Amino acid sequence: MEQLFEIYIRVKKYLYFFLSFCAFAWALTPYQSVFLGLFVGTSASVFNLTLLVRRAKVFDKAIEDEGKVYGLGTLSRMATAVIVCLIAVEYPQKVHLISVVIGLMTAYIVIMADYLVRYFILHKNGEKRGE
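Under an unreviewed UniProt entry, the name given to the protein is ATP synthase subunit I, and the source organism is Niallia hominis. In UniProt, the protein has this text filed under Subcellular location (unreviewed entry): "Cell membrane".

Set out below in C-alpha cells:
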C-alpha cells in the first residue's frame, strides 16, 4: 500500500504542474476553450484519483480488519465525469467538450507514462523491482 501512496504523490505533482500549464495557456493563447476544457477535465481527474486512493485505503483497512468490504466509489467517479461533461455541453462556447474528455483521462495517462519511465530507467540501470 505504501507504493500506491508514493505513486499517488508523484502523479499528483505532475498533474498539478499540468494544471498550472493549462491555466497559463488559457490566459496567454487564443485557444481558451480548449485549455479551459483541459483544466476542468484534469481537475476532475485529480479529484477522481484522490477519491480512488482514499477509497483504496479504506478498502485495504477493511480487508486487514476482516470487516465489511465496500466498493471503490466507481459510481461517484462516474458521476463526477458526467457532471463535468454536462458543464462542457451546457457552455460549449467556453469549455471544449473533447478537451474535457481528454482531461478526464489525464491522470491515467500520467500513471502509465510514470510507470513506463520508471520501468525502463530501473531496467536500464540493472536494478530489480522492489529493491
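Now that the structure is up, let's keep going.
(A) Spatial organisation of the overall build of the protein. Each helix and strand in the protein was counted, giving four helices and zero strands. Based on the C-alpha atoms only, the size of the protein along its principal axes is roughly 50 × 45 × 15 Å. A separation threshold of at least 6 residues defines the contact pool for the protein, and within that pool the share at least 24 residues apart is 66%. Counting every atom, the protein has about 9300 Å² of accessible surface; 68% of that belongs to carbon and sulfur. For the protein, the separation between the mean place of its 14 positive charges and that of its 10 negative charges on side chains is 7 Å.

(B) Structural detail: helix α2 (residues 32-64). Across its 33 residues, α2 extends 48 Å between first and last C-alpha, which sits within 8% of the 48 Å expected from 1.5 Å per residue. Looking one or two places after α2, you find E66, whose phi comes out positive at around 55°.

(C) A look at a nonpolar patch on the surface. A grouping of V89, L97, I98, V101, I102, M105, Y108, I109 and M112 is seen on the molecular surface, where their side chains present a nonpolar patch of about 810 Å² in accessible area. A per-element tally of the nonpolar patch places helix α4 (residues 97-124) first, with eight residues. Inspection of the secondary structure assignment puts I102 in helix α4.

(D) Fine view of the layout of surface pockets. There is about 160 Å³ of room inside the second largest pocket. Surrounding the second largest pocket, L4, I7, Y8, V11, L49, L52, V53, A56 and I111 form its lining. Listing elements by their share of the lining of the second largest pocket, those giving two or more residues are α1 (2-28) and α2. Of the residues belonging to the lining of the second largest pocket, the class tally is nine nonpolar, no polar and no charged.

(E) Up close: the environment of I109. Position of I109 relative to the elements: it lies in helix α4. With relative accessibility at 44%, the residue I109 sits in the partly exposed group. Remark: the alpha-carbon pair of I109 and V11, spanning 98 residues in sequence, is separated by 10.0 Å.

The rules we used
- Residues numbered from 1 in each chain as written.
- Predicted model: local features only at pLDDT ≥ 70, side-chain atom pairs only at ≥ 80, totals over all residues.
- Heavy atoms only, no water.
- UniProt positions renumbered as here; feature names shortened; annotations may be inferred.
- Helix = DSSP H or I, 4+ residues; strand = E, 2+ residues; numbered from the N terminus.
- Contact = heavy atoms within 4.5 Å.
- Areas by Shrake-Rupley, 256 points an atom, 1.4 Å probe, with all protein chains shown as cover.
- Lys, Arg positive; Asp, Glu negative; His and termini not counted.
- Charge placed at Lys NZ, Arg CZ, Asp CG, Glu CD.
- Expected span 1.5 Å × (residues − 1).
- Patch = residues over 30% accessible without salt bridge, like charges linked within 9 Å, V, L, I, M, F, W, Y side chains within 5 Å.
- Salt bridge = Lys/Arg side-chain N within 4 Å of Asp/Glu carboxyl O.
- 1 Å grid on protein atoms, 1.4 Å probe; cavity = no way out; pocket = protein on both sides within 12 Å on 5 of 7 lines; lining within 4 Å.
- Points joined across faces, edges and corners; volume = space filled by probe spheres on them.
- Nonpolar A, V, L, I, M, F, W, Y, C, P; charged D, E, K, R; others polar.
- Buried < 20%, exposed > 50% of the residue type's maximum accessible area, 1.4 Å probe, protein only.

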